[in-house]
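Take a look at the letters that make up each chain.
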Amino acid sequence: MKNKKRRTKYLKWLDKRNKKNLQKRTKRKKKPKKKVKCLLYPLSMPRIMSLTENSEQTIDYFNKIIATVNRTIPKNYKAILIDATEVEVITIDSLMYLLAIVISLKNVKGNVNEFRGNLPKNENAKKIFKESGFLNFVQNNIDISNITNKDRLQILTGKDVDGEIIKKLIKFVEEHFGVTRVSTKFLYHMLIELMTNTNNHAYENDYMKNKWYLYAFVNENNDKITITFLDTGTGIPYTVSKKWDDKFKEMFYNKGESYYIASAMDGEFRTQTQLKHRGKGLPDIYAHLINKEIVNLKIISGKGKLDFSNAIKLYDACINLKSNLQGTVYYFELEKERND
Amino acid sequence: MIKIMKIKIAVEYTDTPGGRYISDGPYSGEDFRKNVLEIKYRECLEKHEKLEIDFDGGYGYGTSFLEEAFGGLVREGYDADEIIENMIFISEEENSLIDRVRKYILDMKVKK
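Below you will find a few notes about this structure. A quick note: this is a predicted structure, and the numbers were derived from the prediction, not measured. (Residues numbered from 1 in each chain as written. Chains lettered and ligands numbered in written order. Predicted model: local features only at pLDDT ≥ 70, side-chain atom pairs only at ≥ 80, totals over all residues. Heavy atoms only, no water.)

Points about the nonpolar core
Residues and elements named next belong to chain A. What counts is decided by this rule: We define a nonpolar core as any set of buried Ala, Val, Leu, Ile, Met, Phe, Trp, Tyr and Cys residues linked to one another through side-chain atoms lying within 4.5 Å. Accessible area is worked out with a 1.4 Å probe on protein chains only. A residue is then buried under 20% of its type maximum, exposed over 50%, and partly exposed in between. Secondary structure is summarised from DSSP: a helix means a run of H or I of at least four residues, a strand means a run of E of at least two, and numbering begins at the N terminus for each. In what follows, residue pairs with any heavy atoms lying within 4.5 Å of each other are defined as contacts.
Ranked by internal contacts, the top residues of the largest apolar core, which has 50 residues, are Leu187, Met265, Leu306 and Leu334. By residue number, the principal contributor to this core is helix α7 (residues 185-200), which donates eight residues. In this structure Leu306 touches Ser258, Ile261, Ala262, Met265, Leu297, Lys298, Ile299, Leu314, Ala317 and Cys318, once residues within four positions along its chain are discounted.

Next comes the structure, spelled out in structure tokens:
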């Protein structure tokens, strides 16, 4: 009896051991995972990245990015590489526009679902990337904790007309120029109108939703503030030409889109369409330029550019571009001596 | 003696007026007209009082805000000449503002 019990126990143990050994022998070994490289579709920036100073090449570059996002690139590419390695000069308008493209990416159907980027080798250009606030909006592992912002209002963006944002900029001007709220009212007017235009007149383009971007910077001597404003609507020439009657279209058709912008600043086309109560924003900006409250105004929209850095008369500032910019960039300067 | 009802925009409404339409964002000209200006103006008309609008104290006014608020009153059916007669505008910080507001009101009269 005792032997029978022992034998049963032994057989149970043997069975368990055999099963365990069988499991060990037949267990599937996991194959090591192959590291898959994330292929980046490189798009190299031009040496001078500036909508205001190198309009054609810079616009071409942005259109190349937009075209790449909009078409189906080979599936093994997972991201677009914004290659800024060789950039020597970069201005804020370009960074703002690049930001607008990156932010808008999610609106587009395509197999590219992210951007990667690198910083320029050139130290001055690298500094602008870091200090502009651009990197706050994009995913990065670059330490920007030591950046001081006293000399600039980093890139701000929004969709609504936001008086509180403009108030922030006004206070920035007051602090650096030592002027009062009353003397900066013209600036409030201008920026409110630009924001209003983003919502009202700037029809949505195919790629980017209407948003505005704003940036301000004071120079070392604390006597000049540069302000850059970008809206990502369709642009002034398209908006203006939609409202024209045939007579007006004929007048400006062959002159190029810069003339469309100039006519909007002149307020001419509005009287043609009998919408006298609308479209006062751009003429007001021109009035501030004439009164020398702002200087060095530049506007780029569609295939048109107005550059008042050397021009006094409205239509003398017209420059027609070959490349089309979706949206509108405004650049202007405030001089301390004029704003005291 | 005619009584005067007062609105000081920077204190009673906002010191950062916005754009034209309510859809543009906060403190628009349309919002100011519908929820402040038109209500007080109607009250003034009923009571045969004048309405004083004080524009001082704020950061500024966009053209669109002013035009929609005041030009918009005419578009809503109020008589332009009556508005000019019954409203008193104060703007010591910005000389040209009163002329601009009057122009927006009278431009609508011409259009009608």
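Some points on the interface of chain B and chain A
For clarity, the cut-off: Accessible area that two parts lose when put together, evaluated with a 1.4 Å probe and summed over both, is termed the buried area. What counts as a salt bridge is simple: a side-chain nitrogen of Lys or Arg found within 4 Å of a carboxyl oxygen of Asp or Glu. Polar contacts, as counted here, are pairs of nitrogen or oxygen atoms within 3.5 Å of one another; within protein the pair requires one atom able to donate a hydrogen and one able to accept it, and residues that are adjacent in sequence qualify only if both atoms are side-chain atoms. Amino acid classes used here: Ala, Val, Leu, Ile, Met, Phe, Trp, Tyr, Cys and Pro are nonpolar; Asp, Glu, Lys and Arg are charged; the rest, including Gly, are polar.
With 29 residues of chain B in contact, the opposing surface of chain A contributes 24 residues. A combined buried area of about 2,300 Å² lies between chain B and chain A, and 50% of that area is made up of carbon and sulfur atoms. The interface formed by chain B and chain A includes three salt bridges. With a closest N to O distance of 3.4 Å, Asp15 of chain B and Lys167 of chain A form a salt bridge. Across the chain B-chain A interface, the total number found is 14 residue pairs in polar contact (both at pLDDT 80 or more). Looking at the side of chain B that touches chain A, the elements with two or more residues in it are α3 (63-75) and α5 (97-111) of chain B. Ranked by residue count, the leading element in the side of chain B that touches chain A is α5 of chain B, at five residues. Taken together, the residues that form the side of chain B that touches chain A break down as eight nonpolar, 11 polar and 10 charged.

What about the environment of Lys109 of chain B?
Residues and elements named next belong to chain B. Here Lys109 is to be found in helix α5. Considering only alpha carbons, one finds Lys109 and Val74, 35 residues apart in sequence, at a separation of 7.1 Å. Side chain to side chain, Lys109 and Asp81 meet in a polar contact 3.1 Å long.

Overview of the pairing of strand β7 (residues 212-218) of chain A
All names here are of chain A. Stated formally: When DSSP finds two or more bridges between two strands, those strands count as paired.
Taken across its seven residues, β7 has six buried, putting it largely inside the fold. Sheet topology places strand β6 (residues 152-158) next to β7; five bridges connect them, and they run antiparallel. In the sheet register, Arg152 faces β7, and the bridge partner there is Phe217. Both β7 and strand β8 (residues 224-231) contribute to a ladder of seven bridges, which runs antiparallel. Paired with Ala216 across the strands is Ile227, a residue of β8.

Here's the deal with the layout of surface pockets
Residues and elements named next belong to chain A. The test is simple: The distinction between a cavity and a pocket rests on a 1 Å grid over the protein atoms alone: a 1.4 Å probe fits inside a cavity but cannot get out, while a pocket stays open yet meets protein on both sides within 12 Å along at least five of seven lines, and a residue with an atom within 4 Å of a point counts as lining. Grid points are joined across faces, edges and corners, and a volume is the space filled by probe spheres set on the points.
Empty space within the largest pocket amounts to approximately 630 Å³. Every residue lining the largest pocket is counted, 21 residues in all, and those nearest its centre are Ile128, Arg152, Tyr215, Phe217 and Thr226. Listed by contribution, the elements that provide at least two residues to the lining of the largest pocket are α3 (92-104), α4 (123-131), β7 and β8. It is α4 that contributes the most residues to the lining of the largest pocket, four residues altogether.

What to know about the sheet that holds β8 of chain A
All names here are of chain A. Test applied: Axis definition: a line fitted to C-alpha atoms, limited for helices to the stretch in contact. Angles are taken between N-to-C directions and run from 0 to 180 degrees.
On the basis of which strands lie adjacent, the open sheet formed by five strands has the order β6-β7-β8-β10-β9 and antiparallel pairing. The two strands at the open ends of the sheet, each matched to only one other strand, are β6 and β9 (295-307). Taking the axes of each pair of neighbouring strands and ignoring which way they run, one obtains an average angle of 20 degrees across the sheet. Where β9 meets strand β10 (residues 318-335), nine bridges bridge the pair, whose relative direction is antiparallel. From the neighbouring strand, Ile299 faces β10, where its bridge partner is Tyr330. The strands that helix α6 (residues 163-177) touches are β6, β7, β8 and β10; relative to β7, the one it contacts most, it runs at about 10 degrees.

Re the pattern of salt bridges
Taken as a whole and judged by the stated rule, the model has 25 salt bridges over all chains. Within this structure, Arg20, Arg33, Glu67, Glu68, Arg75 and Glu76 of chain B form a network of salt bridges that share partners.

Focus: the sheet that holds strand β3 (residues 77-83) of chain A
Residues and elements named next belong to chain A. As summarised here, the arrangement of the three strands in space is β1-β3-β5, forming an open sheet in which the pairing is parallel. If you trace the sheet from one side to the other, it starts and ends with β1 (39-44) and β5 (115-117), each paired once. The sheet shows a mean angle of 35 degrees between the axes of neighbouring strands, taken without regard to direction. Across six bridges, β1 lies against β3 in parallel orientation. Residue Leu39 lies in a different strand from β3, and its bridge partner there is Tyr77. Running over the sheet, helix α2 (residues 55-70) touches β1, β3 and β5 and is turned about 155 degrees from β1.

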